[in-house]
Every structure is written in structure tokens, then in C-alpha cells.
Amino acid sequence: MDFGKIAKKILAKSTVKPNIALILGSGLGYLTEQFEDAVSVNYREINAFPQSTVEGHKGRFVIGRLNGRDVIAMDGRFHYYEGHSLQDVVKPIYIFKEMGVEHLIVTNAAGGVNRSFVPGDIVAITDVINLGFSNPLVGPNRKEYGARFPDMSSVINKRWLEVVINNSKRVNIDLKQGTYIFVTGPSYETPAEIKAYENFGADMVGMSTVPELIAASHCKLNILAFSCITNMASGILEKKLDHQEVVATAQKVRSKFSKVVTIALNALKEEKL
Ligand code: HPA
């Protein structure tokens, strides 16, 4: 796939030249409502692009200005559980790269595995575990983007994260930190699985983000990622899990989530990253 050609086609619709990309998870797409000079491009308009099928995910790119920064957002992402290949799931990352994007902020809804978390918490992802049993980089390596065996020892940009943690504290946002484990879904986990993931060192569990972070590490983007704890993971509370609850909790923490993303954008001005 010619990612450069697709990038050009999308950019031609706007005067904005995005340097930062945002991937917005379940119930978090509302951030694009705050964009100035917003132009949206439906995934449908892009040939050979997978289509997003999940409720709460719109399926469009939105280009615009947020906090004075030129940004592009994915309002709705692709998930492996929808039947897309991992290689399809990460296509937008390479399109961002071709647009000249250098910074990536990924958000998701996740189940809390760490028992000190509560629904509504926002957790900065410090590391990830890929339990997808495959990898989006399987296949011929596109060496114009990165190495065959990319380093994964520092997926998250530590300097950027440090500024975000400090600046969040200053405005009384209690940003937690943790390791995110990626599972394929679409069924939620069993209590036994959650116990196992707890032993693996996971603090939260979800069905997205890690494929994108692998591809973004491959092509050397500066990465931050945040989980909204929408529910405690299976077996932690005497409660069944339900997608409506996930979306509802994500919606409740809208304003806190927007503040964290704003802090992350502003941190880029402060720090030369
Ligand atoms: N498990 C997996 N994915 C999720 C969860 C969960 O409990 N909550 C939100 N996404």
C-alpha cells in the first residue's frame, strides 16, 4: 500500500500540517469537537482502508488545531477483533508517518487489573505486554520505515511522560501509571485469565493500542498512551462486564481526559522532544 499517496490525499483537504496524531478510543472521540478549522475524512473515502464497525467509534480522521497545535485524530480505530488483520490495524500509523507526524498520543478504554485502580481513573501507560499471539510487523519489513527487529525497550517517551505527570499533579489530576496488556477479545476475560495477567505484571487490560504502539515504535514516533479505566476487570468485583458501562464511564471522565491530552500537547511546547 502506498501510504505516502494516501497521506497526500488526506492532507490536501486541509491547510493544517499535523505534527501530532491522536488515536481516540471508545467514547473518547468527543475531543475532536474542540478542534478549530476541523476537516474530517471518513475511512470510507479511503480505498483499501478497513472500516470501523464498533458502536461508539465513528470511523474518520479529523484534522485541525487543538490548543494551537496542528493535529490529526482518528475518531474510531481498527481492532483485531473486528476481523481486521494486525497489519490493517496499524496502517494509519504509517500514513501519519508519511504526513510528517512525529508525536503520537493513544487513548483507550481498559479494564482495571490493579486493585488500587477505580473506574474513572486515567492511567499513563508506562509499558505494554503483547498477548495477541502475533505482531503487526509480521511479513516483509518495509525498511524505509524501520528496522526488521525494532527495539521495544522504551516504547513510551519517558521525558514527555515525566512532564505530563508533573504538570498533571500541579492541577490536581491524579494520573496513575501502569502496564497495559493487549488481548484479542472480543469476549471479555475470565476471572482466571485476569489472575494470570495480574501475575504477568499487568495493571490494565484492553483490546487495542499495543499493535499501534509496535508500529509506531517501528517507525520511531514519540509516543504517549493513556487508558481510561472504565470497569474493574473480570472477577475483581461481583459484577458482569458490559460494553455500555465501558462507554458510559469513558464519557463521564471526558473533561479529565481532555485535560490530560491538553497537558500532553502543551508539554511538547515546554520540552524540546
Ligand atoms: N477487558 C478488555 N478490554 C476492555 C475492558 C476489559 O475489562 N474494559 C474496556 N476494554
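Anyway, here's the lowdown on the structure attached to this text. For every chain, the first residue of its written sequence is number 1, and the numbers climb from 1 along that sequence. Since the coordinates come from a predicted model, pLDDT governs what is reported: local features require at least 70, and pairs of side-chain atoms require 80 or more to be given and counted, while whole-chain, interface and lining totals use all residues. The side-chain quantities take in all heavy atoms of the structure and omit both hydrogens and water.

Moving on, we get to the overall build of the protein. Summing up its helical and strand segments, the protein has 8 helices and 9 strands in all. For the radius of gyration, the atom set is restricted to C-alpha positions; the globular benchmark scales as 2.2 Å times the number of residues to the power 0.38. Radius of gyration (C-alpha) of the protein: 17 Å, near the 19 Å computed for a compact globule of 273 residues. Across its three principal directions, the C-alpha atoms of the protein cover 50 × 45 × 35 Å. Note on contacts: a residue pair is in contact if any heavy atoms of the two residues lie within 4.5 Å. Looking at the protein alone, contacts between residues at least 24 apart form 81% of all its contacts between residues at least 6 apart. In short, Shrake-Rupley with a 1.4 Å probe defines the accessible areas, and a residue's cover is counted only from the protein chains shown. Accessible surface for the protein amounts to roughly 12,100 Å². Of this, 50% is attributable to carbon and sulfur atoms. His is not counted, nor are the chain ends; Lys and Arg add positive charge and Asp and Glu add negative charge. Charge placement uses NZ in Lys and CZ in Arg. For Asp and Glu, CG and CD serve respectively. Side chains of the protein carry 32 positive and 28 negative charges; the gap between the two charge centres is 4 Å. Every helix listed is a DSSP run of H or I at least four residues long, and every strand listed is a run of E at least two residues long, numbered separately from the N terminus.

Inspection of the region around the ligand gives Ala 109, Ala 110, Gly 111, Tyr 188, Glu 189, Val 205, Gly 206, Met 207, Thr 230, Asn 231, Leu 241 and Val 246 as its neighbouring residues. Contacts to the ligand include Ala 109, whose backbone N or O atom sits 3.4 Å from a nitrogen atom. Polar contacts, as counted here, are pairs of nitrogen or oxygen atoms within 3.5 Å of one another; within protein the pair requires one atom able to donate a hydrogen and one able to accept it, and residues that are adjacent in sequence qualify only if both atoms are side-chain atoms. Measuring from a nitrogen atom of the ligand, one finds a backbone N or O atom of Gly 111 at 3.4 Å. A total of 260 Å² of accessible area belongs to the ligand in isolation, and the protein chains cover 96% of it. When residues of the shell around the ligand are traced back to their parent elements, those giving at least two are β5 (103–112), β8 (204–206) and β9 (222–232). Its residues assigned to classes, the shell around the ligand comprises 7 nonpolar, 4 polar and 1 charged. To be near a molecule or strand, a residue needs just one of its heavy atoms within 4 Å of it. Residues were grouped as follows: Ala, Val, Leu, Ile, Met, Phe, Trp, Tyr, Cys and Pro as nonpolar; Asp, Glu, Lys and Arg as charged; and all remaining residues, including Gly, as polar.

The buried label goes to any residue with under 20% of its type's maximum accessible area, the exposed label to any with over 50%, and the partly exposed label to all in between, with areas taken from a 1.4 Å probe on protein chains only. Among the residues of helix α1 (residues 3–11), those classed as buried are Phe 3, Gly 4, Ile 6, Ala 7, Ile 10 and Leu 11. Along α1, the residues classed as buried sweep out an arc of 165° about the axis, all on the same side. More than 90 degrees from the buried face of α1, the exposed residues found are Lys 5, Lys 8 and Lys 9. Looking at the buried positions of α1, the neighbouring elements they touch are β2 (36–42), β3 (60–66), β4 (69–75) and α3 (91–99). The backbone nitrogen of Gly 4 has a side-chain oxygen 3.2 Å away, supplied by the residue at the start of α1, namely Asp 2. Directions are taken from the helix axis to each C-beta atom, and the arc is the one they span.

Note on placement: Val 16 falls in the loop between α1 and β1 (20–24). Between the alpha carbons of Val 16 and Gly 64 there is a distance of 6.1 Å; along the sequence they are 48 residues apart. Among all residues touching Val 16, those that are not within four sequence positions of it are Leu 11, Ile 63, Gly 64, Arg 65, Asp 70 and Val 71.

Let us now look at the packing of aromatic side chains. For Phe, Tyr and Trp, where Trp contributes only its six-membered ring, two rings pair if their centres lie within 6.5 Å, and the inter-plane angle classes them as stacked under 30 degrees, edge-to-face over 60, or tilted in between. Overall, the coordinates contain 7 aromatic pairs when judged by the stated rule. Seen in terms of ring centroids, Tyr 43 and Phe 61 are 5.1 Å apart; in terms of plane orientation they differ by 75°. Their pairing is edge-to-face. With Tyr 43 in the loop between β2 and β3 and Phe 61 in strand β3, the pair connects residues that are 18 residues apart, well separated along the chain. The buried category is assigned to Tyr 43, whose relative accessible area is 1%. Taken together, the aromatic side chains of Tyr 43, Phe 61, Phe 78 and Phe 96 make up a single cluster linked through ring pairs.

Okay, the packing of α1 against α3 next. Every axis in this analysis is a line fitted to C-alpha atoms, fitted for helices over the stretch in contact. Angles between the N-to-C directions lie between 0 and 180 degrees. Axis separation between α1 and α3 bottoms out at 8 Å; the angle between their running directions is 70°. Comparing their axes, α3 and α1 come out roughly perpendicular. Considering only the axes of α1 and α3, their crossing is right-handed. For the pair formed by α1 and α3, the contact residues are Phe 3, Gly 4, Ile 6, Ala 7, Ile 10 and Leu 11 on the first element and Lys 91, Tyr 94, Ile 95, Glu 98 and Met 99 on the second. Within the contact of α1 with α3, the residues separate by chemical class into 8 nonpolar, 1 polar and 2 charged. Should an angle fall under 35 degrees it is called roughly parallel, over 145 degrees roughly antiparallel, and 65 to 115 degrees roughly perpendicular, with every other angle called oblique. Handedness of each helix crossing follows the sense of rotation of the near helix against the far helix: counterclockwise by less than a right angle gives left-handed, clockwise gives right-handed.

This next bit is on the pattern of salt bridges. Whenever a carboxyl oxygen of Asp or Glu lies within 4 Å of a side-chain nitrogen of Lys or Arg, that contact is scored as a salt bridge. For the structure shown, the criterion picks out 11 salt bridges. In this structure, the salt-bridge partner of Asp 37 is Arg 65, at a minimum N-O distance of 2.5 Å. Here Asp 37 is found in strand β2, whereas its partner Arg 65 is found in strand β3, with 28 residues between them in sequence. Owing to a relative accessible area of 26%, Arg 65 belongs among the partly exposed residues under this scheme. The shortest N-O distance in the salt bridge between Asp 174 and Lys 176 comes to 3.8 Å. One network of salt bridges, in which partners are shared, links Asp 37, Arg 65 and Asp 70.

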